[in-house]
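# Fold and contact review
One-letter residues, chain by chain:
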Amino acid sequence: MLTSNNQMMRHCITHFGGKNFDCEECEQSFSLKFNLKHHIDTQHNENAKKVICRKCGTYLSGSRQLKYHDNMKTESRVSETFDDI
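Residues numbered from 1 in each chain as written. Predicted model: local features only at pLDDT ≥ 70, side-chain atom pairs only at ≥ 80, totals over all residues. Heavy atoms only, no water.

Per an unreviewed UniProt entry, the protein chain carries the name Longitudinals lacking protein, isoforms H/M/V-like isoform X2 and comes from Aphis craccivora.

### A look at the UniProt feature "domain: C2H2-type" (unreviewed entry) in the protein chain
Keep this limit in mind: UniProt positions are given in the numbering used here, feature names are shortened, and annotations may be inferred rather than shown by experiment. Numbered from the N terminus, helices here are DSSP runs of H or I no shorter than four residues, and strands are runs of E no shorter than two.
The sites that UniProt annotates as "domain: C2H2-type" (unreviewed entry) are residues 21-49. Spanning residues 21-49, this segment combines 41% helix with 14% strand, and its end C-alpha atoms are found 24 Å apart.

### Remarks on the side chain of Ser31
Under the convention used in this document: The rule is simple: take the accessible area with a 1.4 Å probe, protein chains only, and divide by the maximum for that residue type; under 20% is buried, over 50% is exposed, in between is partly exposed. Contacts: residue pairs with any heavy atoms within 4.5 Å of one another.
Here Ser31 is to be found in the loop between strand 2 (29-30) and helix 2 (33-44). By relative accessible area, Ser31 is classed as buried at 10%. Residue contacts for Ser31: discarding those within four places in its chain leaves Ile13, Thr14, Gly18, Lys19 and Phe21.

### Considerations on the side chain of Thr42
Mapped onto the fold, Thr42 is located in helix 2. Once residues within four sequence positions are removed from consideration, Thr42 is found in contact with Ala48, Lys50 and Ser61.

What follows is the structure, given as structure tokens:
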């Protein structure tokens, strides 16, 4: 739930605004400057902390990405299980 007008505005920009912030190191674009900064810090910074998935060995840029990665793998396994029925 969005608790302030500022959060609502950022949310709408994310979905409906243009992607005006381009990464100079790869071809990705972002609608918010904060998201570009986060991308650079996590994807292109050699000194950034990396975490590893203990299940598959994939390196990820942080605990938030690890949680998302783990949830996606779980959803995929559940989907495969229901597809077999």
